[in-house]
Amino acid sequence: MSTCLTRSVRRDSELACLLLQHCEGTLPVGPGFEVVLINEDLARQAVALLDRMELSVDPVGAVCAVEGRWAFFLPEESDIPAWPAHTQYLSCGTTLPLPPIPGTSPAPINSTRWIRWQPLGRVITAPLLLQLAVNAVAPCTLAS
């Protein structure tokens, strides 16, 4: 469990400002949010599954690619239940490299880059829906 736990969630607008401040730098994780890193192929399939679902609100917030993994911003304590294999949970006190502000400079396809982010849109991802999607597509990914 995090040592700087606040038992709160940063508002999307507050987290978007924090992301802007740290673009092309290193973001300290927490308080008020944590991050899960998911293998890029698995993350791509999980997001595609969520996109196909008929949900009233898109459960996926800001996502950036970092060293072959996608980083999703989550509420604190989203590590319970435990995340499946091919994921890494970053809690308060760790850091995450961030890409440049979207649209300001092109990034090579394999570098740190934004996958999804609208400064005035959703930033936090719904952790339980993302976990369900990751678990649903993981057997297909592991078998190939």
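In this report, we go over the structure that sits alongside the text. All figures in this text were calculated on a predicted structure; none of them were measured in a lab.

A closer look at the sheet that holds strand β2 (residues 34-39)
Inference 1: Pairing in this open sheet of 5 strands is antiparallel, and the strands run β5-β2-β4-β3-β7 from one edge to the other. For this open sheet the edge positions go to β5 (87-90) and β7 (113-116), each flanked by a neighbour on one side alone. Strand-to-strand twist across the sheet, computed as the mean angle between neighbouring axes with direction ignored, equals 30°.

Quick word on helix α1 (residues 12-22)
Inference 1: Among all positions of α1, only Leu15, Ala16, Leu18 and Leu19 are buried. The buried side chains of α1 occupy one side of the element, clustering within an arc of 160° when seen end-on.
Inference 2: Where α1 is buried, its residues meet β1 (26-28), β4 (69-74) and β7.

Quick notes on unusual backbone geometry
Inference 1: A cis geometry characterises the amide bond from Gly30 onward to Pro31, with omega recorded as -15°.
Inference 2: Relative to the helices and strands, Pro31 is located in the loop between β1 and β2.
Inference 3: The omega torsion across Ile80 and Pro81 is 5°, close enough to zero to call that bond cis.

Digging into the side chain of Ser78
Inference 1: Tracing the backbone through its elements, the reader meets Ser78 in the loop between β4 and β5.
Inference 2: Side-chain polar atoms of Ser78 contact the backbone oxygen of Pro75, separated by 2.6 Å.
Inference 3: Once residues lying within four places of it in the same chain are set aside, the contact partners of Ser78 are Glu34, Trp83, Tyr89, Pro127 and Gln131.

Observations regarding helix α2 (residues 40-52)
Inference 1: The end-to-end C-alpha distance of α2 is 18 Å, a good match for the 18 Å that 13 residues give at a rise of 1.5 Å each.
Inference 2: All of the buried residues in α2 are Glu40, Leu42, Ala43, Ala46, Val47 and Leu50. Projected down its long axis, α2 carries its buried residues within an arc of 155°, all on one side. Relative to its buried face, α2 has exposed residues pointing more than 90 degrees away, namely Asp41 and Arg52.
Inference 3: At the N-terminal end of α2, a side-chain oxygen is found 3.0 Å from the backbone nitrogen of Asp41, two or three residues along, and the residue is Asn39.

Points about the packing of aromatic side chains
For any two aromatic rings, the description comes down to two numbers: the centre-to-centre distance and the angle of the planes.
Inference 1: Inspection of the entire model under this criterion finds 3 aromatic pairs.
Inference 2: Seen from their ring centres, Phe33 and Phe73 are 6.2 Å apart, and the 50° between their planes marks the pair as tilted. Note that Phe33 is positioned in the loop between β1 and β2 and Phe73 in strand β4, a separation of 40 residues in sequence.
Inference 3: Residue class for Phe73 comes out buried when judged on its relative accessible area of 0%.
Inference 4: Ring centres of Trp70 and Phe72 lie 6.5 Å apart, and the angle between their planes is 50°; on these two criteria the pair is classed as tilted.

Conventions we followed
Residues numbered from 1 in each chain as written. Predicted model: local features only at pLDDT ≥ 70, side-chain atom pairs only at ≥ 80, totals over all residues. Heavy atoms only, no water. Pairing = 2+ DSSP bridges. Helix = DSSP H or I, 4+ residues; strand = E, 2+ residues; numbered from the N terminus. Axes fitted to C-alpha atoms, helices over the stretch in contact; angles between N-to-C directions. Buried < 20%, exposed > 50% of the residue type's maximum accessible area, 1.4 Å probe, protein only. Arc of directions from axis to C-beta. Contact = heavy atoms within 4.5 Å. Polar contact = N/O pair within 3.5 Å; in protein donor to acceptor, adjacent residues only side chain to side chain. Expected span 1.5 Å × (residues − 1). Phe/Tyr/Trp six-rings, centres within 6.5 Å; stacked < 30°, edge-to-face > 60°.

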